[in-house]
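Residue strings, one per chain:
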Amino acid sequence: NIHVDATDDLKFLATDGSSVDLYNSDGDFIQTIYSGTTITGFDAFPDKRTIVISDVTAFKLVSLAGKIIKTISNTSGYTYPAVSPCGTKIACVSVSGIIIINLDGEQIGTASATGVNPKWSSDGKYLFYNENTTNINGVSINNLSNVKYSLSVGSSFFDLSDLILTSTSRSC
């Protein structure tokens, strides 16, 4: 299982489930950033120098040099971390659904009772996620100013400009 996240024009990160490795744009291995027991996802912070890694025990904030900066407590069992565009929140999957935590591990919101693979919109107002864990074509979009509003679509394409009508000026 390979999960790839671009960190800049020249490098990318990938995991095989037991380590997060840094590669150059040609796919040549540079170094291992982190080794763990079971890695269930990672995401880069906006500075592209720090990543959050989800392993079996907790989320870890790790520099690209491989130094553990912080272990976020209360995150055992959380998976699929997604860092907000401003770098102050993390959306992730827990047993109670997709939740939003701060960098201390406190739950500050619930985006959905179900779903996987959350991703933030570039302005931090929306959270995109796969609603159906068995169907990768099911995508949901939640307006974070009103968590009850969501749109589910199948495998069809849609224009996001129609959805922004319900957004607020609040971001991140």
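Relevant structure appears above.
What comes next concerns the included structure. (Residues numbered from 1 in each chain as written. Predicted model: local features only at pLDDT ≥ 70, side-chain atom pairs only at ≥ 80, totals over all residues. Heavy atoms only, no water.)

1. Here we look at the packing of aromatic side chains
Phase 1 of the analysis: Under the criterion given, the structure shown has three aromatic pairs.
Phase 2 of the analysis: Centroid distance phenylalanine 12 to tyrosine 23: 5.4 Å. Interplanar angle 15°. Geometry classified as stacked. Of this pair, phenylalanine 12 sits in strand 2 (residues 11-15) while tyrosine 23 sits in strand 3 (residues 19-24), and the two are eleven residues apart along the sequence.
Phase 3 of the analysis: Residue classification places phenylalanine 12 among the partly exposed positions, given a relative accessible area of 22%.
Phase 4 of the analysis: Arranged with centres 6.2 Å apart and planes meeting at 70°, the rings of phenylalanine 59 and tyrosine 78 form a pair that is edge-to-face. Of this pair, phenylalanine 59 sits in strand 7 (residues 59-63) while tyrosine 78 sits in the loop between strand 8 (68-72) and strand 9 (79-83), and the two are 19 residues apart along the sequence. The burial state of phenylalanine 59 is the same as that of tyrosine 78; both residues are buried.
Phase 5 of the analysis: Among the aromatic residues, those joined into a cluster by ring pairs are Phe12, Tyr23 and Phe29. (Phe/Tyr/Trp six-rings, centres within 6.5 Å; stacked < 30°, edge-to-face > 60°. Helix = DSSP H or I, 4+ residues; strand = E, 2+ residues; numbered from the N terminus. Buried < 20%, exposed > 50% of the residue type's maximum accessible area, 1.4 Å probe, protein only.)

2. Focus on unusual backbone geometry
One can expect most non-glycine residues to show negative phi and most peptide bonds to be in trans.
Phase 1 of the analysis: Phi angles above zero are rare outside glycine, and asparagine 74 is one such case at about 65°.
Phase 2 of the analysis: Along the chain, the position of asparagine 74 falls in the loop between strand 8 and strand 9.
Phase 3 of the analysis: With a relative accessible area of 58%, asparagine 74 lands in the exposed category.
Phase 4 of the analysis: Residue tyrosine 80 is not a glycine yet carries a positive backbone phi of 50°.
Phase 5 of the analysis: By the secondary structure assignment, tyrosine 80 is in strand 9.
Phase 6 of the analysis: By relative accessible area, tyrosine 80 is classed as partly exposed at 33%.

3. Describing the sheet that holds strand 8
Phase 1 of the analysis: Pairing is antiparallel across the open sheet formed by four strands, whose spatial order is 5-6-7-8. Where the open sheet ends on each side, the last strands, each with one partner, are strand 5 (41-44) and strand 8. The average angle at which neighbouring strand axes cross in this sheet is 20°, direction not considered.
Phase 2 of the analysis: With four bridges connecting them, strand 5 and strand 6 (residues 50-54) associate as antiparallel partners. Its bridge partner lying in strand 6, glycine 41 is registered against serine 54. (Pairing = 2+ DSSP bridges. Axes fitted to C-alpha atoms, helices over the stretch in contact; angles between N-to-C directions.)

4. Quick look at the pairing of strand 2
Phase 1 of the analysis: In this sheet, strand 3 lies alongside strand 2 in antiparallel orientation, the contact comprising five bridges. Each bridged residue has a counterpart across the sheet, and for phenylalanine 12 the counterpart in strand 3 is tyrosine 23.
Phase 2 of the analysis: Counted between consecutive antiparallel strands, the loop separating strand 2 from strand 3 contains three residues, among which glycine 17 sits at a positive phi close to 105°.

5. Points about the pattern of salt bridges
Phase 1 of the analysis: For the coordinates displayed, the defined rule picks out one salt bridge.
Phase 2 of the analysis: Across the salt bridge formed by aspartate 104 and lysine 70, the nearest N and O atoms sit 3.0 Å from each other. One end of the pair, aspartate 104, is in the loop between strand 11 (97-102) and strand 12 (107-112); the other, lysine 70, is in strand 8, and 34 residues separate them in sequence.
Phase 3 of the analysis: A relative accessible area of 45% places aspartate 104 in the partly exposed class. (Salt bridge = Lys/Arg side-chain N within 4 Å of Asp/Glu carboxyl O.)

As far as function goes, none of this settles anything; it's purely spatial.
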